[in-house]
Amino acid sequence: MHQRWTRIASVALICLSLVSSAVGCGPGRGYGRRRHPKKLTPLAYKQFIPNVAEKTLGASGRYEGKITRNSERFKELTPNYNTDIIFKDEENTGADRMMTQRCKDKLNSLAISVMNQWPGVKLRVTEGWDEDGHHFDESLHYEGRAVDITTSDRDKSKYGTLSRLAVEAGFDWVYYESKAHIHCSVKAENSVAAKSGGCFPGSSTVTLLDGSKKAVKDLRTGDKVLAADGDGNPVYTDFIMFLDRDSATRRTFYVIETEAGQKITLTAAHLLFVSRDNSTRSAVFAGDVRPGHKVFVYDGEPRPLVAVSVKRIYTQQHQGSFAPVTAQGTVVVDQVLASCYAVIEDHQLAHWALAPVRIAHWVSTSLFSSGPRVSPHSEGVHWYSKLLYQLGTWLLDDHSMHPLGMSAYPS
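These lines cover the structure that appears in this document, whether it is placed above or below.

What counts as what
Residues numbered from 1 in each chain as written. Predicted model: local features only at pLDDT ≥ 70, side-chain atom pairs only at ≥ 80, totals over all residues. Heavy atoms only, no water. Core = buried A, V, L, I, M, F, W, Y, C linked by side-chain atoms within 4.5 Å. Buried < 20%, exposed > 50% of the residue type's maximum accessible area, 1.4 Å probe, protein only. Helix = DSSP H or I, 4+ residues; strand = E, 2+ residues; numbered from the N terminus. Pairing = 2+ DSSP bridges. Contact = heavy atoms within 4.5 Å. Axes fitted to C-alpha atoms, helices over the stretch in contact; angles between N-to-C directions. Phe/Tyr/Trp six-rings, centres within 6.5 Å; stacked < 30°, edge-to-face > 60°. Lys NZ or Arg CZ within 6 Å of the ring centre and 35° of its normal. Expected span 1.5 Å × (residues − 1).

Some words on the nonpolar core
Residues I256, I264 and L272 are the most contacted members of the largest nonpolar core, which totals 48 residues. Examining the composition of this core, we find that six residues originate from one element, strand β12 (residues 234–258), more than from any other.

What follows is the structure, encoded as structure tokens:
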């Protein structure tokens, strides 16, 4: 209990310090001053980041099998014709240009950083996709998920900083492997899709104040949506914003179906309220819900939500994922009560952490109550959500956070 309140106090202090930035987005003190460039700490020879093995969950993940030109998975690779990158291509087959989309995105980002860091110097790729078996067994080069890089001038004194630039560009694992090159790799595309934090498909529906249904993806700031208070009573609350909004990526979702036929679809790291063994209501990760647990369902009556047993659980793929936040911190989706939060298995702690967002919304609606409802922020993970994730990795132990946290945060 003491540890829990220590964590809440820590988050509360952080939240108080962030209130001003959440309420006012305009420039503060120091506006107009020249910003100093970020100081880069070069990697040491043989250092790798993150400090775990390459093919573990915390880095680039497991090897998924060699890709050849004749295999079905060859379509997962895309050529990179970026003229700001020099490809050695010693095989003269174009293989070094072939890579996954995630690897391509990170490499292109790194190319820009290299040119900014050293004008006149370009990024150079010495090894990319390997179709000839030149690497050790289960190398990520065989999947187009790894590249070996240098600078175009081959100045070895730059390689420590080049490694750091690769980390900043978002590669999932960077290794100052050799005096001759830096090794970088990324997660598989399907694992990135699975690491979606906590979201619902865009087609999931919420109930509005007038009783009508609305797709989650169509929510607008100020919409009154059905939620529940601390006692499980149905209440209507303001939709504030999306913590994450992604219309394009296909992800894996859990479908939790009740004995009464309700189905809620959400990602594994999203919090869902359940009752186990007739105990009180608690929030658990959707991936930990089991048949026989009870979820809380809205039956249309003005009474506390009803506990209904889970019948079965299965997975589905959906394109698009949305993480709505309400003032109440809860939301009824497809008639089933869920938390608005994810990744951290503590609903109350997460609700504390979002206090600046609720304060900002309250101030905004108080000052501009007659304004039109506006669409929430554009695609991607909200900056405040990224910040909270980073703070969580510092303040909380590993067991408090779901291993399938948001893919966008670390990168």
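Describing the sheet that holds strand β1 (residues 48–49)
Spatially, the six strands line up as an open sheet ordered β1-β7-β8-β6-β5-β3, and their pairing is mixed. What marks the edges here is a single partner per strand, and that holds for β1 and β3 (85–87). Against the sheet, helix α3 (residues 159–169) engages β1, β5 (123–127), β6 (146–151), β7 (173–175) and β8 (182–185), with an angle of about 135° to β6.

A look at the packing of aromatic side chains
Within this structure, the stated rule accounts for seven aromatic pairs. A centroid spacing of 5.5 Å and a plane angle of 50° characterise the contact between F74 and W129, whose relative ring orientation is tilted. Of this pair, F74 sits in the loop between β1 and β2 (77–79) while W129 is found in the loop between β5 and β6, placing the two residues 55 residues apart along the sequence. Counting every residue linked through ring pairs, the aromatic cluster contains F48, W173 and Y175. Its end group placed over the ring of Y142, K66 keeps NZ or CZ at 4.9 Å from the ring centre. One Lys or Arg, R281, reaches over the ring of F273 and ends 4.7 Å from the middle of that ring.

Looking at α3
For α3, the tally of buried residues reaches nine of 11 residues, placing the bulk of the element in the interior. When α3 is considered as a whole, its buried residues turn out to be Y159, G160, T161, L162, S163, R164, L165, A166 and A169. In this structure, the buried side of α3 is in contact with β1, α2 (101–117), β5, β6, β7 and β8. Where α3 ends, the next residue or the one after it, G170, has phi of about 105°, a positive value.

Some thoughts on the side chain of N82
Looking at where N82 falls in the secondary structure, it is placed in the loop between β2 and β3. Given the relative accessible area of 19%, N82 is considered buried.

A closer look at the pairing of β8
Side chains of β8 alternate between two faces, with I182 and C184 and H183 and S185 buried alike. Both β6 and β8 contribute to a ladder of four bridges, which runs antiparallel. The residue bridging A146 from the neighbouring strand is S185, located in β8. Two strands pair when backbone bridges link them, and β7 and β8 are joined in this way by three bridges, in the antiparallel orientation. Counted as the bridge partner of V174 is C184 from β8. In this antiparallel pair of consecutive strands, β7 and β8, the connection spans six residues.

Remarks on helix α6 (residues 355–367)
With 13 residues, α6 extends 18 Å between its outermost C-alpha atoms, agreeing within 8% with the 18 Å of an ideal straight helix rising 1.5 Å per residue. All buried positions along α6 are accounted for by A355, P356, V357, A360 and H361.

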